[in-house]
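Here are the chains, one letter per residue:
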Amino acid sequence: MKDQYKMQEIIKTLKRDLPTLFQQDISYDIYSQDIYFRDPVNKFKGKINYRIIFWTLRFHAKLFFTQINFDLHDVHQEAEDTILAKWTVRGILRVPWKARILFNGYSTYKLNSDNLIYEHIDTWDRKPSEILSQFFRKGESGKP
């Protein structure tokens, strides 16, 4: 059986880290050295690569967006060794037409026997190509 105290501490850390992941780094002490990550466009293993993906997210957020948010809706224990986080990414691209990006998803985290996250799988509510197509739509200009 998983250590419930450790499970609650990991949930608390995710609740603290995820809403600001585009602005500041996350805590890596809750992840195993050989963490496996997968989303619709990336797949890799290892904590170094995991750190790089979060650095890349922050870098691209500053470069391509005037505003970007990671809205965390819920984080809870889904099973004995599983945590589920539901979220929305929304932002305004740094383009003259102020295109908006919006998509929902959820992250599934699996814990190993050491109570560390060894797997992080992201699922999005639409295909990457549909998300990318939002870049070319006109946003709200603020003019009547």
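Reading the values: the criteria
Residues numbered from 1 in each chain as written. Predicted model: local features only at pLDDT ≥ 70, side-chain atom pairs only at ≥ 80, totals over all residues. Heavy atoms only, no water. Phe/Tyr/Trp six-rings, centres within 6.5 Å; stacked < 30°, edge-to-face > 60°. Helix = DSSP H or I, 4+ residues; strand = E, 2+ residues; numbered from the N terminus. Buried < 20%, exposed > 50% of the residue type's maximum accessible area, 1.4 Å probe, protein only.

Participant: Looking at this structure, how should I read the packing of aromatic side chains?
Facilitator: Pairs of aromatic rings are described using the distance from one ring centre to the other and the angle between the two planes. For the structure shown, the criterion picks out 12 aromatic pairs. Where Tyr 28 meets Tyr 50, the ring centres are 6.5 Å apart and the plane angle is 85°; that geometry is what we call edge-to-face. Residue Tyr 28 is found in the loop between α1 (4–17) and β1 (31–38), and its partner Tyr 50 is found in helix α2 (residues 47–64); the two are separated by 22 residues along the sequence. Here Tyr 28 matches Tyr 50 in class, with each residue buried. Seen from their ring centres, Trp 87 and Phe 103 are 5.9 Å apart, and the 85° between their planes marks the pair as edge-to-face. One end of the pair, Trp 87, is in strand β4 (residues 82–93); the other, Phe 103, is in strand β5 (residues 100–111), and 16 residues separate them in sequence. Look at Trp 87 and you get buried, because its relative accessible area is 3%. Cluster of aromatic residues (ring-pair linked, three or more members): Tyr 28, Tyr 31, Phe 37, Phe 44, Tyr 50 and Phe 54.

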